[in-house]
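Chain residues, written in single-letter form:
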Amino acid sequence: MIKYIALLRGINVAGKRKVLMADLKDLFAKLGFTNCITYIQSGNVVFELDKEEDNIELAHKIEAAILEHFKLDVPVIIRKAYEWEQLISDNPFFKNKRISIDRQHLTLLDEEPKSDKVEDLKKKDFGMDQFEIIGQHVFLCCTNKYSETKMTNGLLEKKFNCKATTRNWKTVLKLLELSK
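Here we summarise the structure given alongside this text. Nothing here was measured: the structure is a model prediction, and the numbers come from that model.

Interhelical geometry of helix α4 (residues 115–122) versus helix α5 (residues 153–160) gives an angle of 135 degrees and a closest axis separation of 10 Å. The orientation of α4 relative to α5 falls into the category oblique. Here α4 and α5 pass one another in a crossing that is right-handed. Seen from α4, the contacting residues are Lys 117, Val 118, Asp 120 and Leu 121; seen from α5, they are Leu 155, Leu 156, Lys 159 and Phe 160. Taken together, the residues that form the contact of α4 with α5 break down as five nonpolar, no polar and three charged.

The subject of this paragraph is the environment of Tyr 4. Summarising the element assignment, Tyr 4 is placed in strand β1 (residues 2–8). For the pair Tyr 4 and Val 45, spaced 41 residues apart in sequence, the C-alpha to C-alpha distance is 8.1 Å. A polar atom in the side chain of Tyr 4 sits 3.4 Å from the backbone oxygen of Lys 51.

Moving on to the packing of helix α1 (residues 21–30) against helix α2 (residues 55–70). Contact geometry of α1 with α2 gives a least axis separation of 11 Å together with a crossing angle of 125 degrees. With respect to α2, the axis of α1 lies oblique. With respect to the hand of their crossing, α1 and α2 are arranged in right-handed fashion. Residues Asp 23, Leu 24, Leu 27, Phe 28 and Lys 30 of α1 lie in contact with α2, whose contacting residues are Ile 62, Ala 65, Ile 66, His 69 and Phe 70. Of the residues contributing to the contact of α1 with α2, the split by class is seven nonpolar, one polar and two charged.

In terms of nonpolar packing, the biggest core is built from 24 residues, with Ala 6, Leu 24, Phe 28, Phe 47, Ile 62, Ile 66 and Ile 78 touching the most fellow members. Listing elements by their share of this core, those giving two or more residues are β1, α1, β3 (44–49), α2 and β4 (76–80). At six residues, α2 tops the list of elements feeding residues into this core. Leu 7, Trp 84, Phe 93 and Trp 169 belong to the second-largest nonpolar core, a separate cluster that totals 18 residues.

With that out of the way, let us pick up the side chain of Glu 53. Positionally, Glu 53 belongs in the loop between β3 and α2. A distance of 3.5 Å separates a polar atom in the side chain of Glu 53 from a polar atom in the side chain of Lys 51. If near-sequence neighbours (up to four positions away) are discounted, Glu 53 is found in contact with Tyr 4, Leu 58 and Lys 80.

Bringing the packing of aromatic side chains into the picture now. Under the criterion given, the structure shown has seven aromatic pairs. Plain terms: the ring middles of Tyr 4 and Phe 47 are 5.4 Å apart, the flat faces sit at 10 degrees to each other, and that makes the pair stacked. One end of the pair, Tyr 4, is in strand β1; the other, Phe 47, is in strand β3, and 43 residues separate them in sequence. Residue classification places Tyr 4 among the buried positions, given a relative accessible area of 0%. The residue whose ring lies beneath Lys 97 is Phe 94, and the NZ or CZ to ring-centre distance is 5.1 Å.

Let us now look at α2. Owing to its 3.6 residues per turn, the α-helix brings residues three or four apart onto one side. In a regular helix each residue adds 1.5 Å, so 16 residues correspond to 22 Å; α2 covers 22 Å between its end C-alpha atoms and thus fits that length. Buried residues of α2: Asn 55, Leu 58, Ala 59, Ile 62, Glu 63, Ala 65, Ile 66 and Phe 70, and no others. The arc that holds every buried residue of α2, seen down its axis, measures 165 degrees, which confines them to one face. Across from the buried face of α2, at angles greater than 90 degrees, the exposed residues are Glu 57 and Glu 68. Close packing links the buried residues of α2 with β1, α1, β3, β4 and α3 (81–90). With a side-chain oxygen positioned 3.1 Å from the backbone nitrogen of Ile 56, the residue opening α2 is Asp 54. Among the residues trailing α2, Lys 71 stands out with phi positive, at a value near 60 degrees.

Conventions used here
Just so you know, the residues in each chain are numbered from 1, in the order the chain's sequence is written. For this predicted model, a pLDDT threshold of at least 70 governs which residues receive local features, and a threshold of 80 or more governs which side-chain atom pairs are given and counted, while totals over whole chains, interfaces and linings are taken from all residues. Only hydrogens and water are removed before side-chain values are computed, so all heavy atoms of the structure are retained for them. Angular values range over 0 to 180 degrees, each being the angle between N-to-C directions of two axes fitted as lines to C-alpha atoms, with helices fitted over their stretch in contact. Helical segments are the DSSP runs of H or I of at least four residues, strand segments are the runs of E of at least two, and each set is numbered from the N terminus. Here the angle decides the label: under 35 degrees means roughly parallel, over 145 means roughly antiparallel, 65 to 115 means roughly perpendicular, and every other value means oblique. Handedness of a crossing is defined here by the sense of rotation of the near helix relative to the far one, left-handed for an anticlockwise turn of less than a right angle and right-handed for a clockwise turn. The contact criterion used is simple: two residues touch if any of their non-hydrogen atoms lie within 4.5 Å. Each residue is assigned to one of three groups, with Ala, Val, Leu, Ile, Met, Phe, Trp, Tyr, Cys and Pro labelled nonpolar, Asp, Glu, Lys and Arg labelled charged, and all others, Gly among them, labelled polar. Think of a polar contact as two N or O atoms within 3.5 Å of one another; within protein, one of them needs to be a possible hydrogen donor and the other a possible acceptor, and neighboring residues in sequence only count if both atoms come from side chains. Take the buried residues of types Ala, Val, Leu, Ile, Met, Phe, Trp, Tyr and Cys, join any two whose side-chain atoms come within 4.5 Å, and each joined set is a nonpolar core. We call a residue buried when its accessible area falls under 20% of the maximum for its residue type, exposed when it is over 50%, and partly exposed in between, using a 1.4 Å probe and counting protein chains only. Note on aromatic pairs: the rings of Phe, Tyr and Trp (six-membered ring only in Trp) are paired at centre separations within 6.5 Å, and the planes decide the class, stacked below 30 degrees, edge-to-face beyond 60, tilted for the rest. Note on geometry: a ring has a charge over it if NZ (lysine) or CZ (arginine) is within 6 Å of the ring centre and within 35 degrees of the ring normal. Each residue after the first adds 1.5 Å to the expected span of a helix. Each direction from the helix axis to a C-beta atom contributes to the arc, which is the arc of those directions.

Written out as structure tokens, the structure is:
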């Protein structure tokens, strides 16, 4: 069995685009996914499949099912559990014990940005916030709250022409734990 982590963007935010996690879990089961676990209300689902599938194709399948069932156009980003373990070890800020995990966030992209676009982004002023882009992942260290950073999903989606969703580092670690 292959374990996957699905991240839905923009559900249950400020009382909008409401999706009950029990209903989401049921939908995943109807799609043939097993051992589905949801974590908090922001759209995190750990599940299993009996074979390995392409992350983007799987995300499209889930997006279509959510649109049909809930009538919501929700971007979905998928990672396999072993990819999740790798991205945790890739985080340059997590290795620095002087940086609180409360300041660390991970933005997941559905595709790797072109290097020239990454270089353009590095030229922008993000104040004291620091970031590192490795593959399809943006590791972010915020000086203040994430809600105050200029490094938003919308900015990254526009700059890189991709889908993006962000989780705080505590959620990232919890999803690893749930995928074990």
